[in-house]
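# Structural overview for review
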Amino acid sequence: MYKKDADKGKSLWDKMKGTPYARLSIKDQTFFVKRLSFLIKAGIPMRESLVMIREQTRKKSYATILDIVIANISNGQNLSTSLEKFKNTFGEFTINIIGFGEQSGILSENLEYVADELKKRHILKKKIISASIYPIIVTIAAIGIITFLMVFLFPKILPVFSSLNYELPLSTRIVIGMSNFINHYGFYTLIALILMLVAFMVAMKKSEIFAFHVDKLLFKIPIIGKIVIDYNMANFTRTMGLLLRGGITMGDAFPISAKTTPNLVYKKEYKLLAAVVNRGSKISTHLIKRRDIFPDIVSQIVSVGEQSGNLSNSLIYLSEMYEAEIDDFTKNLSSMVEPVLMIVMGILVGFIAISIITPIYGITQHLNVK
């Protein structure tokens, strides 16, 4: 039976190579580790637990991954080794926490840590995205209204101004110039912007140096810089806290944190912190030197954790604090951004409206005088 499972797993793995099957949503990953933790805690063997989860699975990609893992477990592999083949799916954090749990006999507890990390990370990401939706919609609406006025409305009024011997105000001449530019070169400008965006995305993906400098630039942008720092601090402190609580040494925890963060500036710092730990130095000393990306409260709380020998709890405390800050910030973001967007939109629409009304009023006065 085990050989049959192993052959099946090998066949499935060969079939999956080079295909996009090995992808799972955060929701599916969270369900997997949480349900597995529950079943193992209930005393059900690993293979039977995985089979039970597999029987509840309807998604093809998820089912295929579980079939391979079940086959590998049947062949004598442990869970972390089986999941290594899907490192891009489950991530370094999940695999290392599970591996240490298997070695130390606390797999169910470590699976709970993983579920908590995945859930918190997913919630945090959703909050950032939700907070960005409103400003984006308002901005798109403003661009749409201005485009309509400049492309459709204003050109219909323009012949009236041209037919009369009247010197147009500066604001009207500016709007006429913008309208002519959009009508004659708007399509080409849009194509150029799309090509620039594509080139930017390709450069971000292909050039690590370019992506590093872009990530570095984000810190200097008002509001966005704070969001980037708070988001990364919440993820960093929670990940490190859970890794240390799960039994991973600090020297191993920093490289894992480096692999789990997409921000290249922080990735570089986590690698440097791993070197600091391996030298036997305190990490709080290094954090103080980088106050631009590690706020003072982080280095202070970490220093307290190092002195008390309870660094994992200190880091978890920091993660909860930053999560609360992000929660408050995202709730208040719309109320902060809305007035600014309304003012900018009002100024632009008002400028165009004045540019149309002023010459009409002037022409009327001019005709009346005649």
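See the structure shown above.
Everything in this summary refers to the structure shown in the same document. Counting starts from 1 at the beginning of each chain's written sequence and moves along it residue by residue. Reporting of local features is limited, given that this is a predicted model, to residues whose pLDDT is at least 70; pairs of side-chain atoms are given and counted only at 80 or more, and all residues count toward the totals for whole chains, interfaces and linings. The side-chain quantities take in all heavy atoms of the structure and omit both hydrogens and water.

Here we take up helix 14 (residues 296-308). Working definition: helices are DSSP H or I runs of at least four residues, strands are E runs of at least two. Numbering for both runs from the N terminus. Each residue after the first adds 1.5 Å to the expected span of a helix. Across its 13 residues, helix 14 extends 18 Å between first and last C-alpha, which sits within 8% of the 18 Å expected from 1.5 Å per residue. Note on classification: 1.4 Å probe, protein chains only; a residue is buried when its accessible area is under 20% of the maximum for its type, exposed when over 50%, partly exposed between these limits. Along helix 14, the residues that are buried comprise Val298, Ser299, Ile301, Val302, Ser303 and Gly305.

Here the focus is the packing of aromatic side chains. Note on aromatic pairs: the rings of Phe, Tyr and Trp (six-membered ring only in Trp) are paired at centre separations within 6.5 Å, and the planes decide the class, stacked below 30 degrees, edge-to-face beyond 60, tilted for the rest. Here the structure, examined in full by the defined rule, presents 10 aromatic pairs. Relative to Phe90, the ring of Phe32 has its centre 5.8 Å away and its plane inclined at 50°; by these criteria the two rings are tilted. Here Phe32 is found in helix 2 (residues 26-41), whereas its partner Phe90 is found in helix 6 (residues 87-104), with 58 residues between them in sequence. Classification of Phe32 by relative accessible area gives buried; the value is 1%. Ring geometry for Phe236 and Phe294: centres 6.0 Å apart, planes at 65°, overall edge-to-face.

So, on to the layout of surface pockets. If you roll a probe as big as a water molecule over the atoms, it shows you where there is empty space left. Two kinds of site are reported from a 1 Å grid over the protein atoms alone, namely cavities, where a 1.4 Å probe fits but cannot get out, and pockets, open sets with protein on both sides within 12 Å along at least five of seven lines, and residues are called lining when an atom falls within 4 Å of a point. Grid points are joined across faces, edges and corners, and a volume is the space filled by probe spheres set on the points. Counted as a void, the largest pocket has a volume near 1,500 Å³. Taken together, 48 residues form the lining of the largest pocket, with Lys125, Tyr231, Asn235, Thr260 and Pro262 sitting closest to its centre. Its residues assigned to classes, the lining of the largest pocket comprises 25 nonpolar, 15 polar and eight charged. The space that makes up the second largest pocket amounts to roughly 260 Å³. Looking at the second largest pocket, the residues that line it are Ile143, Thr147, Phe181, Ile182, Gly186, Phe187, Thr189, Leu190 and Leu193. Elements with a contribution of two residues or more to the lining of the second largest pocket: helix 7 (107-163) and helix 8 (170-206). In terms of residue count, the dominant contributor to the lining of the second largest pocket is helix 8 (seven residues). Classes in brief: Ala, Val, Leu, Ile, Met, Phe, Trp, Tyr, Cys and Pro nonpolar; Asp, Glu, Lys and Arg charged; the others, Gly included, polar.

Going through the model one piece at a time under the given rule, you end up with two cavities of 30 Å³ or more. Counted as a void, the largest cavity has a volume near 40 Å³. Lining the largest cavity, in full, are Phe236, Met240, Phe254, Leu273, Ile283, Leu287, Val302 and Leu315. Only helix 10 (224-245) and helix 13 (283-289) provide two or more residues apiece to the lining of the largest cavity. Of the residues contributing to the lining of the largest cavity, the split by class is eight nonpolar, no polar and no charged. The volume enclosed by the second largest cavity comes to roughly 30 Å³.

Let's shift gears to the nonpolar core. Definition of nonpolar core: a set of buried residues of the types Ala, Val, Leu, Ile, Met, Phe, Trp, Tyr and Cys, connected through side-chain atoms within 4.5 Å. Within the largest apolar cluster, 64 residues are counted, with the highest numbers of intra-cluster contacts made by Phe32, Met233 and Phe294. Looking at which element gives the most residues to this core, the answer is helix 10, with nine residues. Once you skip the residues sitting within four places of it in the chain, Phe32 turns out to touch Leu50, Ile53, Tyr62, Leu66 and Phe90. The next biggest cluster of nonpolar side chains, apart from the first, holds 11 residues, and it includes Leu149, Met150, Phe154 and Ile352. Contact definition: two residues touch when any of their heavy atoms are within 4.5 Å.

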